[in-house]
Amino acid sequence: DSLEDNLTALKLIQVARRKGVKYIIHAMGEEGRLSRILGAARGNAWTYAAREYTEETAPGQLSTFEAANHFFLNKKSDNTKILGLLGYPLVQSKGWRLHNLGIDRHITKKSEGSFLYANFPSEDGSAFWESWSENLYGLSVTITHKETIIKFVDEPSNEVRISGVCNTIVRTANGWAGHNTDLMAIEALLRPHRESLGNGGLVIGTGATARSAIAALKRLDVNPIFVVGRNAERGKMLIETMGLDFLTEEEIHYANTSCVIQTEERGCITISGEEMFLLQAAKQVEIFTGKPISKDDVRSIWQEIS
């Protein structure tokens, strides 16, 4: 009935192992789909799957094609490291396919261990972390948890410290390391245009990604920086913590800048949000696995699964 039921199923593995018996775990229903995936990666004697997409006999079942070609379950073992995406909602997310295929195609052959990436839809990031963290190796973090997850980070990167935003967390010998690949991606995409940013930048929005954009502009010495948004409370916080000018939507005409994030169609040089997504995903794979993957390889996979 919930994400937590999958955790109960995982805990039953410990009981079976103590007794020295073979085991199979899965929780029924759509909410139990995750347990089928994790069970296969944690030593299920076998995992039930439907022969075809249209032949499922119960909600939440995988097809054999999904098991082998989306999650690569036939290649997993007890040493498989569990990765995933924490956020809510995640129904439309294709990131799990991007990470699983990218790691299998470009990383696993070079790496000593294997990885499995799954979705963890949770509205309460703190409660999720308290329950699940011991089972995880790394997480991508999306709305609405990019700021709250920082309190669980032992080693925040410079990007996390200056932005107050964390979208990537990975287990290390010294605890949990936190990164902000959004900031890294935005900065990398804007750096070639640095000379064109002399009149400042305008950021539309006050959420976590906006904070990453602001921090990236600051690292590129862009000045002034304006932020436009509907949330006056968040705007006041950005003024106090990041030292910039906040404008309401009615005041946007006061901002005469070189760069707008996000842009409108005004004949400008535009950098698609997809470019940022692909670049930050490549950086996440490198952080998780310790092995680089090129943005072109990530783009090729993204086009394939889309």
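Right, let's walk through the structure included here.

What counts and what doesn't
- Residues numbered from 1 in each chain as written.
- Predicted model: local features only at pLDDT ≥ 70, side-chain atom pairs only at ≥ 80, totals over all residues.
- Heavy atoms only, no water.
- Helix = DSSP H or I, 4+ residues; strand = E, 2+ residues; numbered from the N terminus.
- Buried < 20%, exposed > 50% of the residue type's maximum accessible area, 1.4 Å probe, protein only.
- Contact = heavy atoms within 4.5 Å.
- Areas by Shrake-Rupley, 256 points an atom, 1.4 Å probe, with all protein chains shown as cover.
- Lys, Arg positive; Asp, Glu negative; His and termini not counted.
- Charge placed at Lys NZ, Arg CZ, Asp CG, Glu CD.
- Pairing = 2+ DSSP bridges.
- 1 Å grid on protein atoms, 1.4 Å probe; cavity = no way out; pocket = protein on both sides within 12 Å on 5 of 7 lines; lining within 4 Å.
- Points joined across faces, edges and corners; volume = space filled by probe spheres on them.
- Nonpolar A, V, L, I, M, F, W, Y, C, P; charged D, E, K, R; others polar.
- Core = buried A, V, L, I, M, F, W, Y, C linked by side-chain atoms within 4.5 Å.
- Patch = residues over 30% accessible without salt bridge, like charges linked within 9 Å, V, L, I, M, F, W, Y side chains within 5 Å.
- Salt bridge = Lys/Arg side-chain N within 4 Å of Asp/Glu carboxyl O.

Structural notes on the overall build of the protein chain
Thinking step 1. If you tally the helices and strands in the protein chain, you get 11 helices and 10 strands.
Thinking step 2. Taken along the three principal axes of its C-alpha coordinates, the protein chain extends 70 × 35 × 35 Å.
Thinking step 3. The proportion of buried residues among the 306 residues of the protein chain is 49%.
Thinking step 4. Taking contacts inside the protein chain between residues at least 6 apart in sequence as the whole, the part at least 24 apart equals 65%.
Thinking step 5. Only carbon and sulfur atoms are counted for the fraction: they give 48% of the accessible area of the protein chain, which is about 15,600 Å².
Thinking step 6. For the protein chain, the centre of its 34 positive side-chain charges and the centre of its 38 negative side-chain charges are spaced 7 Å apart.

So, the pairing of strand β1 (residues 81–87)
Thinking step 1. For β1, a buried count of 6 out of 7 residues is recorded, marking the element as mostly surrounded by other parts of the structure.
Thinking step 2. Bridge count between β1 and strand β2 (residues 115–121): 7 bridges; the pairing is parallel. Within the sheet, the bridge partner assigned to Ile82 lies in β2 and is Leu116.
Thinking step 3. With 4 bridges connecting them, β1 and strand β3 (residues 138–141) associate as parallel partners. Across the sheet, residue Gly84 finds its bridge partner in β3, namely Leu139.

Notes on unusual backbone geometry
Thinking step 1. In this structure, the amide linkage connecting Tyr88 to the following residue, Pro89, adopts the cis form with an omega of -5 degrees.
Thinking step 2. If you trace the backbone, Pro89 turns up in the loop between β1 and α4 (95–106).
Thinking step 3. A cis amide bond links Ile143 to the next residue, Thr144, at an omega of 5 degrees.
Thinking step 4. The phi angle at Phe72 is positive, at roughly 55 degrees, despite the residue not being glycine.
Thinking step 5. The topology assignment puts Phe72 in the loop between α3 (64–69) and β1.
Thinking step 6. Judged by its relative accessible area of 7%, Phe72 falls in the buried class.
Thinking step 7. Residues other than glycine seldom take positive phi values, yet Asp221 does so here, at roughly 60 degrees.
Thinking step 8. Assignment of secondary structure puts Asp221 in the loop between α8 (208–219) and β8 (225–228).

With respect to the layout of surface pockets
Thinking step 1. In this structure, the second largest pocket occupies an estimated 660 Å³ of space.
Thinking step 2. Around the second largest pocket sit 24 residues that line it, and Glu30, Arg33, Leu90, Asn119 and Pro121 are the ones nearest its centre.
Thinking step 3. For the lining of the second largest pocket, the secondary-structure elements that each account for two or more residues are α1 (3–19), α2 (33–41), α4 and β2.
Thinking step 4. Taken together, the residues of the lining of the second largest pocket sort by class into 11 nonpolar, 6 polar and 7 charged.

Here's the deal with empty space enclosed by the protein
Thinking step 1. Enumeration according to the criterion identifies 1 cavity of 30 Å³ or more in this entry.
Thinking step 2. For the largest cavity, the calculated volume is near 50 Å³.
Thinking step 3. As for the largest cavity, its lining consists of Leu98, His99, Gly102, Ala281, Ala282, Val285, Ile293, Val298 and Ile301.
Thinking step 4. The residue makeup of the lining of the largest cavity, split by class, is 7 nonpolar, 2 polar and no charged.

Structural notes on the sheet that holds β2
Thinking step 1. Strand order in the open sheet formed by 6 strands is β2-β1-β3-β5-β6-β4, with mixed pairing between adjacent strands. The open sheet has two edge strands with one neighbour each: β2 and β4 (155–156).
Thinking step 2. Across 5 bridges, strand β5 (residues 168–172) lies against strand β6 (residues 175–179) in antiparallel orientation. Paired with Val170 across the bridge in β6 is Ala177.

Overview of the nonpolar core
Thinking step 1. Core analysis: the largest hydrophobic core is formed by 59 residues, its most contacted members being Phe120, Trp132 and Leu139.
Thinking step 2. Counting residues in each nonpolar core, the second largest holds 24 residues, with Leu197, Val203, Val222 and Met276 among its members.

Digging into a nonpolar patch on the surface
Thinking step 1. Residues Ile24, Trp46 and Tyr48 make up a contiguous nonpolar surface patch of roughly 320 Å² in combined accessible area.
Thinking step 2. Relative to the elements of secondary structure, Ile24 occurs in the loop between α1 and α2.
Thinking step 3. Accessibility expressed as a relative area gives 37% for Ile24, which makes it partly exposed.

Examining the pairing of β6
Looking down a regular strand, the side chains alternate between one sheet face and the other.
Thinking step 1. Across 2 bridges, β4 lies against β6 in parallel orientation. Considered in β6, the bridge of Glu155 is made with Ala177.
Thinking step 2. The loop that links β5 with its antiparallel partner β6 comprises 2 residues.

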